[in-house]
Amino acid sequence: MIMTIPSQPQPLTIPPRLLMGPGPSNANPRILSAMSLPAIGHLDPFYLEMMDQIQDLLRYVWQTENELTISISGTGSAGMEASLANVVEPGDVVLIGVMGYFGHRLVDMATRYGADVKTISKPWGENFSLAELKEAIETHKPTILGLVNAETSTGVRQPLEGVGELCREHNCLLLVDAVTSLGGVPFYADQWGVDLAYSCSQKGLGCPPGLSPFTMSDRAIEKLQKRTTPVSNWYLDMNLLSQYWGEPRKYHHTAPCNMNYGLREALALIVEEGLENCWQRHQQNAELLWEGLEKLGLVCHVEKAFRLPTLTTVRIPEGVNGKAVSSYLLKEYNIEIGGGLGELAGKVWRIGLMGYNSRPENVLLLLEALRKVL
Ligand code: PLP
């Protein structure tokens, strides 16, 4: 017998939220309209041509010439998983810089792939100096160094200048989480000697969530090719995925074509704006936010030099119920901001200015709403 229908669902409606939290961010309408185009076969010549275009556009936003530059089907965590799964073999020493929640996630994942994980840590709100990274590499002699370029839980930017050279001197791969930086914060994969990097579609690129831009250097591919054990994640094995993204265009999995239409359009928008202009826009709007917060008597958690333009952590003042404030913003103004994670839970709000949402009118609206509620 067929089960009874619970109740007749109404057509879906979504409240008109302004997403100023840690992500996702609102997408440019042009992206949404690209996503509503009809699906085509993932081996259709037109689709394959679009994949080539996505790869070229991704190389531009990553600032890399890496052949293996693709969008992984899955959110940022899938990119994180792909980075580790392909180059970590059981027993490899993997050194992770932990300065927030996502560093811990890297540790968790690397451990699951059998790595001998070593960590260095910083209080939540700080980052590592080159000297500290050098000392840790000399002590632990890792095969892979994993760093979070933009720690979304703290709002801290980890500078990468000089780190790639250090890794090369010590025969170590540099793996970077760029989930909250790509598109919104200067990133130079080749210049900085980054060997593996992943991001997401829903933040600086301003697309809905669902894809993870990924890039892998020849050095990292060499490590993959020298493996003595198979990659233990079939879905994210670059030996297989590279045969779909490149010749012989062999079926691997059914690509989420509409998501890739959206990504293609998001990347085209960045090319139209110019990557450096896009970074500059994120910085200018963040500075407008920081000035306004200061005028309201609020304090940013991170020192200005290392603050992310994409994500600002703001200390919740003594006596203020942080959760009540964010609930009020959502209920009364349809504005979403985030709360703290991990060690910063209950201590900060997290305000995102990412992609299409990084605009002065959004900053001014939020500041005015905060002024009213506080
Ligand atoms: N890494 C960082 C720095 C993040 O901020 C996030 C998500 O916000 C992730 C990884 C995981 O990405 P996703 O939630 O898209 O899987």
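The structure presented is a predicted model; accordingly, all values stated were derived computationally and were not measured.

Draft legend 1. Structural context of the UniProt feature "modified residue: N6-(pyridoxal phosphate)lysine" (unreviewed entry) in the protein. This chain's UniProt record puts "modified residue: N6-(pyridoxal phosphate)lysine" (unreviewed entry) on K203. Its place among the elements puts K203 in the loop between β9 (196-198) and β10 (211-216). Judged by relative accessible area, K203 falls into the buried class, the value being 8%. Setting aside anything within four residues of it in sequence, one finds K203 in contact with P22, G23, S25, T152, V179, T180, M354 and G355. From its side chain, K203 meets the backbone oxygen of P22 in a polar contact 2.8 Å long.

Draft legend 2. Inspection of the pairing of strand β14 (residues 348-352) at higher detail. Buried residues dominate β14, accounting for five of its five residues. Every second residue of β14 is oriented toward a common face, with V348, R350 and G352 on one face and W349 and I351 on the other, all of them buried. As defined by bridge partners, strand β11 (residues 311-315) adjoins β14 across five bridges and the pair is classed as antiparallel. Paired with R315 across the bridge in β14 is V348.

Draft legend 3. Local environment of the site of the ligand. Looking at the ligand, there are 13 residues lining it, with T75, S77, T152, D177 and K203 nearest. At 2.9 Å, a backbone N or O of G76 approaches an oxygen atom of the ligand. Note that an oxygen atom of the ligand is positioned 2.6 Å from one of the side-chain N or O atoms of K203. Relative to its unbound accessible area of 390 Å², the ligand is 87% covered by the protein chains.

Draft legend 4. The arrangement of helix α10 (residues 275-295) in detail. Spanning 21 residues, α10 covers 31 Å between terminal C-alpha atoms, matching the ideal 30 Å at 1.5 Å per step. Considered for burial, the residues of α10 that qualify are L275, C278, W279, H282, N285, A286, L289, W290, G292 and L293. Down the axis, α10 shows its buried residues gathered within 165° of arc, on one side only. What points out from α10, more than 90 degrees from its buried face, is the exposed set E276, Q284, E294 and K295.

Draft legend 5. Quick peek at the pattern of salt bridges. Within this structure, the stated rule accounts for 18 salt bridges. A salt bridge links D116 to K118, with the shortest nitrogen-to-oxygen separation between them at 3.5 Å. Note on D116: relative accessible area 32%, which makes it partly exposed. The class for K118 is partly exposed, based on a relative accessible area of 28%. The residue R264 makes a salt bridge to E265 at a minimum N-O spacing of 2.8 Å. The exposure class of R264 is partly exposed, given its relative accessible area of 23%. One connected set of salt bridges, linked through shared partners, spans R30, R264, E265 and E272.

Draft legend 6. Highlighting the nonpolar core. In this structure, L145, F187, F214, M216 and M238 are the most contacted members of the largest nonpolar core, which totals 92 residues. Among the elements that line this core, the one with the most residues is helix α2 (residues 45-62), at nine residues. Two domains each provide a minimum of three residues to this core, namely domain 1 (18-24 + 275-373) and domain 2 (29-271). Residues within four places of M238 in sequence aside, it is in contact with L68, I70, I72, A82, N86, F214, M216 and L224.

What counts, and where the lines are drawn
- Residues numbered from 1 in each chain as written.
- Predicted model: local features only at pLDDT ≥ 70, side-chain atom pairs only at ≥ 80, totals over all residues.
- Heavy atoms only, no water.
- UniProt positions renumbered as here; feature names shortened; annotations may be inferred.
- Helix = DSSP H or I, 4+ residues; strand = E, 2+ residues; numbered from the N terminus.
- Buried < 20%, exposed > 50% of the residue type's maximum accessible area, 1.4 Å probe, protein only.
- Contact = heavy atoms within 4.5 Å.
- Polar contact = N/O pair within 3.5 Å; in protein donor to acceptor, adjacent residues only side chain to side chain.
- Pairing = 2+ DSSP bridges.
- Near = heavy atom within 4 Å.
- Areas by Shrake-Rupley, 256 points an atom, 1.4 Å probe, with all protein chains shown as cover.
- Expected span 1.5 Å × (residues − 1).
- Arc of directions from axis to C-beta.
- Salt bridge = Lys/Arg side-chain N within 4 Å of Asp/Glu carboxyl O.
- Core = buried A, V, L, I, M, F, W, Y, C linked by side-chain atoms within 4.5 Å.
- Domains from an automatic or database assignment.

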